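Now for the letters of each chain:
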Amino acid sequence: MRKTIIAANWKMHLNTHQASLFLHKLDQKVAAHRDVITVLCPNMLALQSLSLQINHRKFKLGAQNCFWRDEGPFTGEVSATMLHGVVQYVIVGHSERRHGFGETDADVRQKVQAVIRNRMVPIICVGETAGERANGETKDVLHGQVTAALANVTSDEIDQIVIAYEPVWAIGSGQSASPNDALDAISFIRGQIKALYGAAAAEAIHILYGGSVDNHNATGYLGSKGIDGLLVGGASLKANVFSSIVEQAHAKHDKKSVK
Ligand code: 13P
C-alpha cells in the first residue's frame, strides 16, 4: 500500500533563523509514523542548516525549485546537483513558478530530468486556472502538463516521482477543491500514468492534492483511497495545524489499510 505524503511548502516565508525555530517546534509536535512521509520545503538558504538540525527519521527535506543545468554561468540559480545530499525531494513546476516566473512545460521537463538524474524525487505540480476550469479545459490542461513533464521519464524512473494536483484557483484562496473534484482530477492523472507506463506504475505512483488545505478539510482528502497525501502551503506555517494534518494522515492511513 502506498504511504501517505504530507509536504509543507513554506514558500518565501521564514528566514533561516525562523525556520530553525519553527522546525524545533514541529519536532516537538509531530510524531514519526512509518506510513506517513513528512516533507518540509523551506527556502533555499535555510536548507543546509535545517539538514543538519532535522530529525531524519521524522522529516524529509525538499527544495521548492531548482535549475536543470548541473553548473555554469546561470547567475542566481541553484542546480539539482547542488541540492543532492541536502534534500530528498524537489518541487517542480509549482504554479507560482509557471505563472509568476514564466516557467514553461519545457523547463518543467528539464527540471524533472535533472532531479531524477541527481537521485532525488521531483514533486511535479500540475493544475488548471479558474478560467481553464470555467471553459471545461481541466483535463486537457492536466493531460498536457503531465505529458510534457514526463516526456523523458522512463518506466524505470516513473516510481521515483510524485505528482501534486494543485488547481491554481485553489492556491492561497481559501477555496479548496472538494475531495470529489480532487479525486476526479487525480484519477484522471492516474489513468494517464496507466496508459503511458502500465497498471503497476499507476498503482505505485503517489499523487497528492494541494490548494487551501488546512486541519479542518484535510480529512476529506486523506480518507480517499486515490489521494496519496497533501501539499500544504499556508497551513504548514502553523505548527499545531500542520502537526494535526500529519496525525490525521496517520489515522486515515490505518483505516485505509484495513478496508
Ligand atoms: P495553500 O495551501 O496556501 O493554498 O498553498 C498550496 C500550495 O501552493 C502548496 O504548494
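Treat the numbers as computed from the prediction; the structure is a model and nothing was measured. (Residues numbered from 1 in each chain as written. Predicted model: local features only at pLDDT ≥ 70, side-chain atom pairs only at ≥ 80, totals over all residues. Heavy atoms only, no water.)

Draft legend 1. Just the overall build of the protein chain, in detail. Looking only at helices and strands, the protein chain features 11 helices and eight strands. The globule rule puts the C-alpha radius of gyration for 259 residues at 18 Å, and the 17 Å found for the protein chain is close to it. In terms of overall dimensions, the protein chain has a C-alpha envelope of 50 × 45 × 35 Å along the principal axes. Here the protein chain holds 259 residues, and the buried ones make up 53% of them. Residue pairs in contact within the protein chain that sit at least 24 positions apart in sequence constitute 72% of those at least 6 positions apart. Of the accessible surface of the protein chain, which amounts to about 11600 Å², a share of 52% is contributed by carbon and sulfur atoms. (Helix = DSSP H or I, 4+ residues; strand = E, 2+ residues; numbered from the N terminus. Rg over C-alpha atoms; globule rule 2.2 N^0.38 Å. Buried < 20%, exposed > 50% of the residue type's maximum accessible area, 1.4 Å probe, protein only. Contact = heavy atoms within 4.5 Å. Areas by Shrake-Rupley, 256 points an atom, 1.4 Å probe, with all protein chains shown as cover.)

Draft legend 2. A look at the environment of Ala31. Secondary-structure assignment places Ala31 in the loop between helix H1 (16-29) and strand E2 (36-41). Taking the C-alpha atoms as reference points, Ala31 and Glu247, separated by 216 residues in sequence, lie 7.8 Å from one another. Here Ala31 is in contact with Lys58 and Glu247, once residues within four sequence places are set aside.

Draft legend 3. Expanded view of the layout of surface pockets. In this structure, the largest pocket spans a volume of roughly 500 Å³. Forming the walls of the largest pocket are 19 residues, and the residues nearest its centre are Met44, Gln64, Asn65, Arg97 and Phe101. Split into classes, the residues belonging to the lining of the largest pocket amount to nine nonpolar, six polar and four charged. (1 Å grid on protein atoms, 1.4 Å probe; cavity = no way out; pocket = protein on both sides within 12 Å on 5 of 7 lines; lining within 4 Å. Points joined across faces, edges and corners; volume = space filled by probe spheres on them. Nonpolar A, V, L, I, M, F, W, Y, C, P; charged D, E, K, R; others polar.)

Draft legend 4. Highlighting the site of the ligand. Around the ligand sit Asn9, Lys11, His94, Glu166, Ala170, Ile171, Gly172, Gly211, Ser212, Leu231, Gly233 and Gly234, and those are all the residues in its vicinity. A distance of 2.7 Å separates an oxygen atom of the ligand from a polar atom in the side chain of His94. For the shell around the ligand, the class distribution of residues is three nonpolar, seven polar and two charged. (Near = heavy atom within 4 Å. Polar contact = N/O pair within 3.5 Å; in protein donor to acceptor, adjacent residues only side chain to side chain.)

Draft legend 5. Just unusual backbone geometry, in detail. Non-glycine residue Arg119 carries a positive phi angle of around 60 degrees. One can find Arg119 in the loop between helix H5 (105-117) and strand E5 (121-126). The phi dihedral of Ser212 falls on the positive side, at around 55 degrees, and the residue is not glycine. Mapped onto the secondary structure, Ser212 falls in the loop between strand E7 (206-210) and helix H10 (218-222). Overall, Ser212 belongs to the buried group, its relative accessible area being 18%.

Draft legend 6. Broad picture of the nonpolar core. Formed by 69 residues in total, the largest nonpolar core has its most connected members in Leu40, Ile193, Tyr209 and Leu230. Those residues in contact with Ile193, other than ones at most four positions away along the chain, are Val146, Leu150, Ile158, Ile163, Gly198, Ala201, Ala202 and Ile205. (Core = buried A, V, L, I, M, F, W, Y, C linked by side-chain atoms within 4.5 Å.)

Limitation: the analysis is restricted to geometry and does not speak to function.
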